[in-house]
Amino acid sequence: LHSFPTRRSSDLPPVLERAIDSESTNRSLLGAIAQLPTRQQQILRLHYGSGLARGEIARQLGISERIVKRDLPHAYVCLRMSLPPDVADPSAAGGE
């Protein structure tokens, strides 16, 4: 897998922003992304890697925008559940 795409960290959901902060958590993030269904991986990479809007992602993948709108937050939930607790919820490790 390639490293997670770079965008201004303020554009990322907090859980992804924390995960990218270090190389080890970046590896955890990449592993979690690899466990997602292929379409969710594609949607995440197109949205955050290429900065595409939902409509353009839908056109590129040949799916409805409704599916993109549904799958993007679902992918976040799946990532959060599969990331180490200190990345997914820093308060569990005495962070934030």
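See above for the structure.
Residues numbered from 1 in each chain as written. Predicted model: local features only at pLDDT ≥ 70, side-chain atom pairs only at ≥ 80, totals over all residues. Heavy atoms only, no water.

Caption draft 1: Spotlight on helix H5 (residues 65-82). Its 18 residues give H5 an end-to-end C-alpha distance of 26 Å, which sits within 8% of 26 Å, the value for a rise of 1.5 Å per residue. For H5, the full list of buried residues reads Ile67, Val68, Asp71, Leu72, Ala75, Tyr76 and Leu79. (Helix = DSSP H or I, 4+ residues; strand = E, 2+ residues; numbered from the N terminus. Expected span 1.5 Å × (residues − 1). Buried < 20%, exposed > 50% of the residue type's maximum accessible area, 1.4 Å probe, protein only.)

Caption draft 2: Quick peek at the packing of aromatic side chains. In the structure shown here, the tally under the stated rule is one aromatic pair. When the centroid spacing of 6.0 Å and the interplanar angle of 50° are considered together, the rings of tyrosine 48 and tyrosine 76 count as tilted. In this pair, tyrosine 48 sits in helix H3 (residues 38-49) while tyrosine 76 sits in helix H5, placing the two residues 28 residues apart along the sequence. Taking the relative accessible area as the measure of exposure, tyrosine 76 reaches 19% and is therefore buried. (Phe/Tyr/Trp six-rings, centres within 6.5 Å; stacked < 30°, edge-to-face > 60°.)

Caption draft 3: Just the packing of H3 against helix H4 (residues 54-61), in detail. Between H3 and H4, whose axes approach to 10 Å, the crossing angle comes to 130°. In terms of axis orientation, H3 runs oblique to H4. Note that H3 runs across H4; the crossing there is right-handed. Here Gln42, Ile43, Leu46 and His47 of H3 lie close against H4, whose contacting residues are Ile57, Gln60 and Leu61. A per-class count over the contact of H3 with H4 returns four nonpolar, three polar and no charged. (Axes fitted to C-alpha atoms, helices over the stretch in contact; angles between N-to-C directions. Parallel < 35°, antiparallel > 145°, perpendicular 65-115°, else oblique. Left-handed = near helix turned anticlockwise from the far one by under 90°. Contact = heavy atoms within 4.5 Å. Nonpolar A, V, L, I, M, F, W, Y, C, P; charged D, E, K, R; others polar.)

Caption draft 4: Broad picture of the nonpolar core. The biggest cluster of nonpolar side chains holds 21 residues, and the ones touching the most others in it are Leu16, Leu44 and Leu79. For this core, the secondary-structure elements that each account for two or more residues are helix H2 (23-35), H3, H4 and H5. By residue number, the principal contributor to this core is H5, which donates six residues. In this view, leucine 79 contacts Leu16, Leu29, Ala32, Ile33, Leu36 and Leu44; residues no more than four positions away in its chain are not counted. (Core = buried A, V, L, I, M, F, W, Y, C linked by side-chain atoms within 4.5 Å.)

Caption draft 5: Local environment of the side chain of glutamine 40. Structurally, glutamine 40 is set in helix H3. Given a relative accessible area of 7%, glutamine 40 falls into the buried group. Every residue in contact with glutamine 40, bar those within four places of it in the chain, is listed here: Asp71, His74, Ala75 and Cys78.

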